[in-house]
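# An overview of the molecular structure
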Amino acid sequence: MRVILLGPPGAGKGTQAERITKDYEIPHISTGDIFRYNIKNNTELGKLAKQYTEKGLLVPDDVTNKIVEDRLSKDDCKDGFLLDGYPRNVVQAESLGKYLENKGLKIDHVLNIIVDRDELVKRLSGRRVCPSCGATYHIVTKPPKVEGICDHCGEKLIQRTDDNIESVLKRLEVYEDETKPLVEYYGKLNLIRNIDGNKPVNEVYKEIQALIGDEV
Ligand code: AP5
C-alpha cells in the first residue's frame, strides 16, 4: 500500500503514521524527521534545512524531491510506504507523480486529516518530544509518566525549535498557501480520503482503518 498523509502542522500525522506503519508493515518516510536528523547531526543538508525549518518555511523543492526519491528507491519501499509531510506543494506532488509513473507505480490513498485551527495551536504549543528516540508527548493530552522525561528511554524531553508561537503561525500560513491546494489536486485524482482529526487519537485511527481497509 502506498499512502500519503496530508494535513496541517499538528494534525496528528506523525501520531497516526506510527500506528499505520506498524500495523500495515510499511516504512514511515517523514521529510520533517529526515531534516531533524540531519540538523541534529550537523550535516550539510542539516545546515541548509535549519535555515528554513526554524522559520517555519519549506526547504527548497529540488533538495526535498531528491531526498524522497533516494529514500523511495530503497529496497524496503518496494511493497509500499507511507509519506508523512511530503508532498507539501503542487511542484512536489508533480515530481512524485512523475517518479512513480516512471516506475509503473501509483498512490492508493491520500489521507487528509482535518483539525480546527485553535486545536492545532494548542497541540503544537503543548507538544514535547524525545531528542533520543523521537517519541512524542503532549503536556495535557499525552503527558509522560514522569514530568519532562521520556517513558521509553529516560531522556529529558524538549520542545521542537519550530513549536514556538511565531514559527507555528508561519507554518499554518505556509500550509494554507502551499499545501492545502493539494486537497484539490489529489481530489481530482479521486485519491482524497477526509478524516476528522479533532477526535481522540484512537478514534482517528479507527476512521483511518475503516477507510484504507485491512489489506497489508
Ligand atoms: P514536519 O515535521 O512535517 O512538521 P509538520 O507538518 O509541521 O507537522 P508536525 O510534525 O508539527 O505535526 P503532526 O501532524 O505530525 O502532529 P503530531 O502527530 O506530532 O515538518 C517540519 C518542517 O520541516 C517544516 O516546517 C519544513 O520546514 C520542513 N519540511 C518538512 N517536510 C517538507 C517538505 N515536504 N518540503 C519542504 N520542507 C519540508 O501531533 C502534534 C501534537 O498533538 C502531539 O503533541 C500529539 O501528542 C498531539 N495529538 C496528535 N493527535 C491528537 C489527537 N487526535 N488528539 C489530541 N492530541 C493529539
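Here's a quick rundown of the structure. (Residues numbered from 1 in each chain as written. Predicted model: local features only at pLDDT ≥ 70, side-chain atom pairs only at ≥ 80, totals over all residues. Heavy atoms only, no water.)

### Some points on the overall build of the protein
Assigned secondary structure in the protein consists of nine helices and seven strands. Whereas a compact globule of 216 residues would reach a radius of gyration of roughly 17 Å, the protein reaches 17 Å, a difference of no more than 12%. Principal axes of the C-alpha set define a box for the protein whose edges measure 50 × 40 × 35 Å. The burial tally for the protein puts 43% of its 216 residues in the buried class. Sequence separation of at least 24 residues holds for 70% of the intrachain contacts in the protein that already meet a minimum separation of 6. (Helix = DSSP H or I, 4+ residues; strand = E, 2+ residues; numbered from the N terminus. Rg over C-alpha atoms; globule rule 2.2 N^0.38 Å. Buried < 20%, exposed > 50% of the residue type's maximum accessible area, 1.4 Å probe, protein only. Contact = heavy atoms within 4.5 Å.)

### Focus: helix α4 (residues 61-72)
Compared with the 16 Å implied by 1.5 Å per residue over 12 residues, the 16 Å span of α4 between its first and last C-alpha is a close match. Looking at α4, one finds that the buried residues are Thr64, Asn65, Ile67, Val68 and Leu72. In a view along the axis of α4, the buried residues occupy a sector of 160°, so they form one face of it. Turned more than 90 degrees from where α4 packs its buried face, Asp62 and Lys66 sit exposed. (Expected span 1.5 Å × (residues − 1). Arc of directions from axis to C-beta.)

### Some words on the pairing of strand β3 (residues 81-84)
The two faces of β3 match: Phe81 and Leu83 on one face and Leu82 and Asp84 on the other face are all buried. Where strand β1 (residues 2-6) meets β3, four bridges bridge the pair, whose relative direction is parallel. Of the residues in β3, the one forming a bridge with Leu5 is Asp84. The pairing of strand β2 (residues 28-30) with β3 spans three bridges and is classified as parallel. Paired with Ile29 across the two strands is Leu83, which belongs to β3. (Pairing = 2+ DSSP bridges.)

### Observations concerning the site of the ligand
The environment of the ligand is formed by 35 residues, the closest being Thr15, Leu57, Arg88, Arg127 and Arg171. Within the side chain of Arg171, an N or O atom sits 2.6 Å from an oxygen atom of the ligand. Summarising the interface, the protein chains cover 95% of the accessible area of the ligand, which totals 1,000 Å² for the free molecule. Contributions of two or more residues to the shell around the ligand are made by α1 (13-23), α2 (31-40), α6 (117-126) and β6 (136-138). (Near = heavy atom within 4 Å. Polar contact = N/O pair within 3.5 Å; in protein donor to acceptor, adjacent residues only side chain to side chain. Areas by Shrake-Rupley, 256 points an atom, 1.4 Å probe, with all protein chains shown as cover.)

### Some details on the side chain of His109
Along the polypeptide, His109 turns up in strand β4 (residues 109-114). Among the polar contacts made by the side chain of His109, one reaches the side chain of Arg193 at a distance of 3.0 Å.

### Focus on the state of the cysteines
Inspection of every chain in the model, using the stated rule, returns zero disulfides. Among the cysteines around Cys130, which has no disulfide bond, Cys153 carries the closest sulfur, lying 3.4 Å off. Note on Cys153: relative accessible area 39%, which makes it partly exposed. (Disulfide = S-S within 2.5 Å.)

### Comments concerning the layout of surface pockets
Estimated volume of the second largest pocket: approximately 240 Å³. Lining the second largest pocket are 14 residues, and of these Gly97, Leu100, Ile107, Tyr186 and Leu189 lie nearest its centre. Sorting the residues of the lining of the second largest pocket by element identifies α5 (90-102) and α8 (181-188) as the ones contributing at least two each. The biggest single contributor to the lining of the second largest pocket is α5, with seven residues. Of the residues belonging to the lining of the second largest pocket, the class tally is nine nonpolar, one polar and four charged. (1 Å grid on protein atoms, 1.4 Å probe; cavity = no way out; pocket = protein on both sides within 12 Å on 5 of 7 lines; lining within 4 Å. Points joined across faces, edges and corners; volume = space filled by probe spheres on them. Nonpolar A, V, L, I, M, F, W, Y, C, P; charged D, E, K, R; others polar.)

### Regarding the pattern of salt bridges
Tallying each qualifying case throughout the model produces 16 salt bridges. With a closest N to O distance of 3.6 Å, Lys180 and Glu176 form a salt bridge. Relative accessible area serves as the criterion here: at 42%, Glu176 is assigned to the partly exposed category. As a salt-bridge pair, Lys199 and Glu207 come within 2.9 Å of each other at their nearest N and O atoms. With relative accessibility at 32%, the residue Lys199 sits in the partly exposed group. (Salt bridge = Lys/Arg side-chain N within 4 Å of Asp/Glu carboxyl O.)

### Overview of the sheet that holds β3
The strands that make up a sheet pair up through hydrogen bonds in the backbone, lying either parallel or antiparallel. With respect to topology, five strands assemble into an open sheet ordered β2-β3-β1-β4-β7, the strand pairing being parallel. At either end of the open sheet lies a strand with only one pairing partner, and these are β2 and β7 (192-196). Within this sheet the neighbouring strands show an average axis-to-axis angle of 20°, counted without direction. Pairing analysis gives five bridges linking β4 to β7, with the strands arranged parallel. Across the sheet, residue Ile114 finds its bridge partner in β7, namely Asp196. Seen against the sheet, α2 touches β2 and β3 and runs at an angle of roughly 65° to β2. (Axes fitted to C-alpha atoms, helices over the stretch in contact; angles between N-to-C directions.)

Note that all results are geometric; they support no functional claim without further evidence.
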